Amino acid sequence: MKSLLIQDIIENLEGVNADDWKNYINDESIKIRGCFNPFTKISYRGTNQFNLLIDFIFNKRKSNKYTTFKQIKEKNYLLKKGSTGVCIEYFNYIITHKKNNAKIKFEEFQKLTEIEKKEYQVFGFNKTYKVFNFDDIENYIEVPEDESEGRDIPVEENEFLNNLIKKNKINVHHYKNNVACYSGNNHTIYMPFKTYFKNNDAYLSTIFHEIIHWTGKDLEREKGRFGSKKYADEELIAELGSMLLMFEIENYNELKNSLCYLKGWLILAEDKVEQLSKLFGEAKKAVNFLLK
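Residues numbered from 1 in each chain as written. Predicted model: local features only at pLDDT ≥ 70, side-chain atom pairs only at ≥ 80, totals over all residues. Heavy atoms only, no water.

Draft legend 1. Layout of the overall build of the protein chain. Of regular secondary structure, the protein chain possesses 10 helices and 9 strands. Burial status across the protein chain gives 46% buried among its 292 residues. Considering only residue pairs separated by 6 or more positions, the protein chain has 73% of its internal contacts joining residues 24 or more positions apart. (Helix = DSSP H or I, 4+ residues; strand = E, 2+ residues; numbered from the N terminus. Buried < 20%, exposed > 50% of the residue type's maximum accessible area, 1.4 Å probe, protein only. Contact = heavy atoms within 4.5 Å.)

Rendered as structure tokens:
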């Protein structure tokens, strides 16, 4: 069964123009905030954040808040007629004791010993549902938020990136060039000098892209020749992985550019839903490998 979330992402990507992609060298970017649910105070993550940000950017939303129809109703808000929600997925477990059918939460199950865990039956499931942007709520008044910027950390001081490179023993070489690339011959990432980049966000997005390429050797991914389907797949995996790493540090400023990049490489896919679903899995595997 194909993922409804991935189908929704593909449909939303139809509004993206691949020709709008801008090079990471010397230009100006937009500031974008991550999407979250103000009722639960939880930020959406991974693929869910990805799909919501597509809706936020290309439907020119004013609010980055999304919630369920049930929560809207519980808070006595009214949804505008004709509003369409955005698809997200929720993964959870049903864990029951094999003898007495007693249920426990996943957090409790994790604390059990290996012998105790064998006494339970674990069933994992995906639940797909829609969330709605707060622009579509009739009687909700948006309270102005503090717009002060606090995440423009210089590249040299980005602890997440530095730890990622150090922990995984990644060889990064900066050189006088305007092309970022990963060389499989010597397992090294080559990056233009930091001053060449249009801003800090572009540098981070680009080096994360190359770091995902770097994981290909250990995870045994085949890149293929330029223009081939395998080459396109690897570019999509690298960009999806880069976005997921940017999400980890709550930086969404290069997302619009990343979406244009994805659209440009996705044209080679015959079944876009199946392909993107598979490549998201590979990107998540690469990110988990780096963060292990």
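Having seen it, we continue.
Draft legend 2. A look at the pattern of salt bridges. Under the counting rule described, the total for this entry stands at 9 salt bridges. E248 serves as the salt-bridge partner of R45, at 3.1 Å between the closest nitrogen and oxygen. Taken together, the residues span a long stretch of sequence, with R45 in the loop between strand 2 (42–43) and helix 2 (46–58) and E248 in helix 8 (residues 229–248) at a distance of 203 residues. Overall, the relative accessible area of 58% leaves R45 in the exposed class. Given the relative accessible area of 33%, E248 is considered partly exposed. A salt bridge links K229 to D233; its shortest N-O distance comes to 3.2 Å. With K229 and D233 both in helix 8 and 4 residues apart, this pair spans about one turn of that helix. Among the charged side chains, a network of salt bridges with common partners joins D55, R61 and D136. (Salt bridge = Lys/Arg side-chain N within 4 Å of Asp/Glu carboxyl O.)

Draft legend 3. Examining unusual backbone geometry more closely. For N76, which is not a glycine, the phi torsion comes out positive at approximately 60°. Looking at the secondary structure, you find N76 in the loop between helix 3 (69–74) and strand 4 (86–97). Of the residues examined, N76 reaches a relative accessible area of 63% and is grouped as exposed. With phi around 50°, H187 is a residue other than glycine that occupies positive phi space. With respect to the helices, strands and loops of the structure, H187 is situated in the loop between strand 8 (181–183) and strand 9 (188–192).

Draft legend 4. Just the packing of aromatic side chains, in detail. For the structure shown, the criterion picks out 10 aromatic pairs. For the ring pair F109 and Y120, a centre distance of 6.4 Å and an interplane angle of 80° mean the geometry is edge-to-face. Here Y120 lies in strand 6 (residues 120–133) and F109 lies in helix 4 (residues 106–110), a separation of 11 residues in the sequence. In this pair, the class of F109 matches that of Y120, namely buried. Taken together, the ring pairs connect F39, Y77 and F134 into an aromatic cluster. We note K292 situated over the ring of F289; from NZ or CZ to the ring centre the distance is 4.0 Å. (Phe/Tyr/Trp six-rings, centres within 6.5 Å; stacked < 30°, edge-to-face > 60°. Lys NZ or Arg CZ within 6 Å of the ring centre and 35° of its normal.)

Draft legend 5. View of the side chain of T68. In this structure, T68 sits in strand 3 (residues 66–68). A relative accessible area of 16% places T68 in the buried class. Only 3.1 Å separates the side chain of T68 from the backbone nitrogen of Q71, close enough to count as a polar contact. When sequence neighbours within four positions are dropped, the list of residues in contact with T68 reads Y129, K130 and V131. (Polar contact = N/O pair within 3.5 Å; in protein donor to acceptor, adjacent residues only side chain to side chain.)

Draft legend 6. Summary view of a nonpolar patch on the surface. A cluster of nonpolar residues, F91, Y93 and V122, forms a patch on the protein surface that exposes about 260 Å² of accessible area. Here Y93 is to be found in strand 4. Judged by relative accessible area, which is 31%, Y93 ranks as partly exposed. (Patch = residues over 30% accessible without salt bridge, like charges linked within 9 Å, V, L, I, M, F, W, Y side chains within 5 Å. Areas by Shrake-Rupley, 256 points an atom, 1.4 Å probe, with all protein chains shown as cover.)

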